[in-house]
Amino acid sequence: MNKPLRIALTKGRLEKDTVALFEKLGYDCTSVHEKGRKLILPICDGKIEVILAKAADVITYVEHGVCDMGVVGKDTIMEMQGKFFELVDLGFGRCRFALAGKKGDNFYDGYNVKTIATKYPNVSRAYFEGKGMDVEIVKIEGSVELAPLLELSDAIVDIVETGSTLKENGLEVYEEIAPISARLIVNTVSMKLRQNEIEELIEKIEKEIQKKI
Ligand code: PRP
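Reading the values: the criteria
- Once a new chain begins, its residue numbering starts again from 1 and follows that chain's sequence as written.
- Two thresholds apply to this predicted model, a pLDDT of at least 70 for residue-level local features and 80 or more for giving and counting side-chain atom pairs, whereas whole-chain, interface and lining totals are computed over all residues.
- The side-chain values count all of the structure's non-hydrogen atoms but skip hydrogen atoms and water molecules.
- Relative accessibility under 20% of the residue-type maximum defines a buried residue, over 50% an exposed one, and the middle range a partly exposed one, all with a 1.4 Å probe and only protein chains included.
- Helix and strand definitions follow DSSP, with helices as H or I runs of at least four residues and strands as E runs of at least two, each counted in order from the N terminus.
- A pair of strands is considered paired only if DSSP assigns at least 2 bridges between the two.
- Any residue with a heavy atom positioned within 4 Å of a molecule or strand is treated as near that molecule or strand.
- Whenever two N or O atoms come within 3.5 Å, that pair is a polar contact, provided that in protein one can donate a hydrogen and the other can accept it, and provided that, for residues adjacent in sequence, both atoms are side-chain atoms.
- For the area figures, the Shrake-Rupley method with a 1.4 Å probe applies, and any residue is considered shielded solely by the protein chains shown.
- All residues other than Ala, Val, Leu, Ile, Met, Phe, Trp, Tyr, Cys, Pro, Asp, Glu, Lys and Arg, Gly among them, are scored as polar; the first ten of these are nonpolar and the last four charged.
- The convention used is that axes are lines fitted to C-alpha atoms, helices contributing only their stretch in contact, and that angles between N-to-C directions extend from 0 to 180 degrees.
- Should any heavy atoms of two residues lie within 4.5 Å, those residues are counted as being in contact.
- For each domain, the first and last residues come from an automatic or database assignment.
- Buried area is calculated as the accessible area (1.4 Å probe) missing from two parts once they are joined, with the contributions of both summed.
- Any Lys or Arg side-chain nitrogen located within 4 Å of an Asp or Glu carboxyl oxygen qualifies as a salt bridge.

Colleague: Give a description of the pairing of strand β3 (residues 48-53) that names residues and reports values.
Modeller: The buried fraction of β3 amounts to six of the six residues, a majority that puts the element mostly inside the structure. Both strand β1 (residues 5-10) and β3 contribute to a ladder of six bridges, which runs parallel. When the sheet's bridge partners are listed, I7 is paired in β3 with V50. Pairing analysis gives four bridges linking strand β2 (residues 40-43) to β3, with the strands arranged antiparallel. Considered in β3, the bridge of P42 is made with E49. Here β2 folds back onto β3, and the loop between the two strands holds four residues, one of which, C44, carries a positive phi near 55 degrees.

As structure tokens, this is what we get:
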């Protein structure tokens, strides 16, 4: 039997949505449901091996070719870039990048250089470069909404899903930056060496996704 096709999934919500998708394709994912603390899990009678990793690491594993494919949010792809094929918009994990800050403040008021707190410095830099606007960027690891509340920054660039975190902290979206959803990415060499298996899987996935539209 061939080596299993190795797929890195972003732990958490995207992992659950991807497993639900695989189950719709008829793949037995019991090993993932019963994973405990295991991080490498065979599914589909050992034909596929699922790896559970953090979003940025999914890209690293796929880029380095130790995983053939990966499921990761467009937010992480936009932030990290990298050399791989982005082949399918999976349609789940939908949210958006937004510029946000304290409710009622006018972000563009005054002439001072604005400070932006974010987990996504590259996305933020590119956004403001696109506007020809000089900003200072402060990298924050989580709960970015704290930064304007504590007056560390004038605004944040972050992902917004339901909008509850902003609302419950007296913040609001100033500008929408980009829509986000989960993407299927493929290592460039795997795409050549295992083209048939990968294309077959992608075809099944696309058919399943179409059903929902
Ligand atoms: C993300 C994001 C926002 C929140 C948005 O944070 O950074 O804080 O979710 O979701 P909402 O619009 O539905 O409220 P996450 O939960 O990943 O945690 P973190 O802030 O610790 O990164």
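Colleague: Tell me what's going on with the site of the ligand, and back it up with residues and numbers.
Modeller: Inspection of the region around the ligand gives K119, G142, S143, E145, D158, I159, V160, E161, T162, G163, S164 and T165 as its neighbouring residues. Here an oxygen atom of the ligand and a side-chain polar atom of E145 are 2.6 Å apart. Within the side chain of T162, an N or O atom sits 2.5 Å from an oxygen atom of the ligand. Relative to its unbound accessible area of 490 Å², the ligand is 65% covered by the protein chains. Secondary-structure elements contributing two or more residues to the shell around the ligand are β9 (155-160) and α7 (164-168). Examining the composition of the shell around the ligand, we find that three residues originate from one element, β9, more than from any other. For the shell around the ligand, a count of residues per class yields two nonpolar, six polar and four charged.

Colleague: With reference to specific residues and values, describe the sheet that holds β9.
Modeller: Ordered in space as β8-β7-β9-β6-β10, the five strands form an open sheet in which the pairing is mixed. Edge positions in the open sheet fall to β8 (135-139) and β10 (171-180), since each of these has one partner strand only. Across this sheet, the average inter-strand angle for adjacent strands is 25 degrees, counted without regard to direction. Relative to β9, strand β6 (residues 95-102) runs antiparallel, the two sharing five bridges. Across the sheet, the residue bridging to R96 is V160, located in β9. Of the strands in this sheet, β6, β7 (114-118), β8, β9 and β10 touch helix α5 (residues 121-130), which is tilted by about 170 degrees from β8.

Colleague: With reference to specific residues and values, describe the domain arrangement of the protein chain.
Modeller: Each assigned domain of the protein chain is listed with its residue range as follows: domain 1 (5-93 + 181-212) and domain 2 (95-179). Placing the centre of domain 1 and that of domain 2 at their C-alpha centroids yields a distance of 30 Å. Of the roughly 690 Å² buried where domain 1 meets domain 2, counting both sides, 48% is carbon and sulfur surface. Contact with domain 2 buries surface across domain 1, with D75, M78 and E79 losing the most and accounting together for 72% of the total. For the pair domain 1 and domain 2, the number of links is one salt bridge. A salt bridge links E161 to R13; its shortest N-O distance comes to 2.7 Å. At the boundary of domain 1 and domain 2, one finds five residue pairs in polar contact (both at pLDDT 80 or more). Considering every element that reaches the side of domain 1 that touches domain 2, the biggest residue donor is helix α4 (residues 74-80), with three residues. Across the side of domain 1 that touches domain 2, the residue classes tally to one nonpolar, two polar and three charged.

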